[in-house]
Amino acid sequence: MTSKKFSTQKFLKGLLIGGVLGGSTGLLLAPRSGKKLRQEVDTTSRNLTQDLFQIKQDAKNVSHQVQRVLTLVNTMIPKAIEETEKDVARFQFKANPRLDDIKQQITKITTELDDFQKTLK
């Protein structure tokens, strides 16, 4: 499967084209006087321009925030992995001698139990 990337530029172009087509259709089908229609077109175009500008600013802000998050992730995750590996190595260093002692104790207890069982027979 191929995934399509979100493109802000394509989105804005589509939004602009859709707005123009929708506005044109509205103009052609609207039963209003010329003066009132011009006022509405002017107001609508100003609102659309403001909305598009705000969308562009929001997209830039999101892009900057994503870049900040990626930078943080790229710096923090390797450090976290390194620290975790060090912690595991320290734990193993401390645990291995204890495990060896436990194994020796188990062997000793097993031998003593075997000897005790032999004395009971």
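Residues numbered from 1 in each chain as written. Predicted model: local features only at pLDDT ≥ 70, side-chain atom pairs only at ≥ 80, totals over all residues. Heavy atoms only, no water.

On to the overall build of the chain. A tally of helices and strands in the chain yields 2 helices and 0 strands. Scaling as 2.2 N^0.38, a compact globule of 121 residues should have a C-alpha radius of gyration of about 14 Å, whereas the chain reaches 37 Å, well beyond that. C-alpha extents for the chain along the principal axes are approximately 115 × 35 × 25 Å. Residue burial in the chain is summarised as follows: out of 121 residues, 3% are buried. Of the accessible surface of the chain, which amounts to about 11300 Å², a share of 62% is contributed by carbon and sulfur atoms. In the chain, which carries 21 positive and 13 negative side-chain charges, the distance between the mean positions of the two groups comes to 16 Å. (Helix = DSSP H or I, 4+ residues; strand = E, 2+ residues; numbered from the N terminus. Rg over C-alpha atoms; globule rule 2.2 N^0.38 Å. Buried < 20%, exposed > 50% of the residue type's maximum accessible area, 1.4 Å probe, protein only. Areas by Shrake-Rupley, 256 points an atom, 1.4 Å probe, with all protein chains shown as cover. Lys, Arg positive; Asp, Glu negative; His and termini not counted. Charge placed at Lys NZ, Arg CZ, Asp CG, Glu CD.)

The next thing to look at is the pattern of salt bridges. A complete count under the given rule lists 4 salt bridges for this structure. Here Lys-86 and Glu-82 are joined by a salt bridge, their closest N and O atoms 3.4 Å apart. Here Lys-86 pairs with Glu-82, and both are found in helix α2 (residues 34-120), just 4 residues apart, close to one helical turn. For Glu-82, a relative accessible area of 41% gives the class partly exposed. Ionic pairing is found between Arg-90 and Asp-87, a salt bridge with its closest N-O pair at 2.8 Å. One end of the pair, Arg-90, and the other, Asp-87, are both in helix α2, 3 residues apart, so they sit about a helical turn from each other. Under the relative-accessibility criterion, Asp-87 is labelled partly exposed at 41%. (Salt bridge = Lys/Arg side-chain N within 4 Å of Asp/Glu carboxyl O.)

For the rest of this paragraph, the subject is α2. Taking the largest bend as the criterion, α2 deviates by roughly 30 degrees, centred on Ala-95, and proline Pro-97 comes between one and four positions later. Considered for burial, the residues of α2 that qualify are Leu-37, Leu-52 and Ala-95. (Bend = angle between axes of the 7 residues up to and from the residue.)

Turning to a nonpolar patch on the surface, a few remarks are in order. Taken together, the side chains of Val-69, Val-73, Ile-77 and Ile-81 present a nonpolar region at the surface, about 320 Å² in accessible area. Within the element layout of this structure, Ile-77 appears in helix α2. Accessibility expressed as a relative area gives 45% for Ile-77, which makes it partly exposed. (Patch = residues over 30% accessible without salt bridge, like charges linked within 9 Å, V, L, I, M, F, W, Y side chains within 5 Å.)

Here the focus is the environment of Leu-52. Structurally, the position occupied by Leu-52 is in helix α2. The sequence separation of Leu-52 and Leu-15 amounts to 37 residues, and the corresponding C-alpha distance is 8.2 Å. Those residues in contact with Leu-52 that sit more than four places away from it in its chain are Leu-15 and Leu-16. (Contact = heavy atoms within 4.5 Å.)

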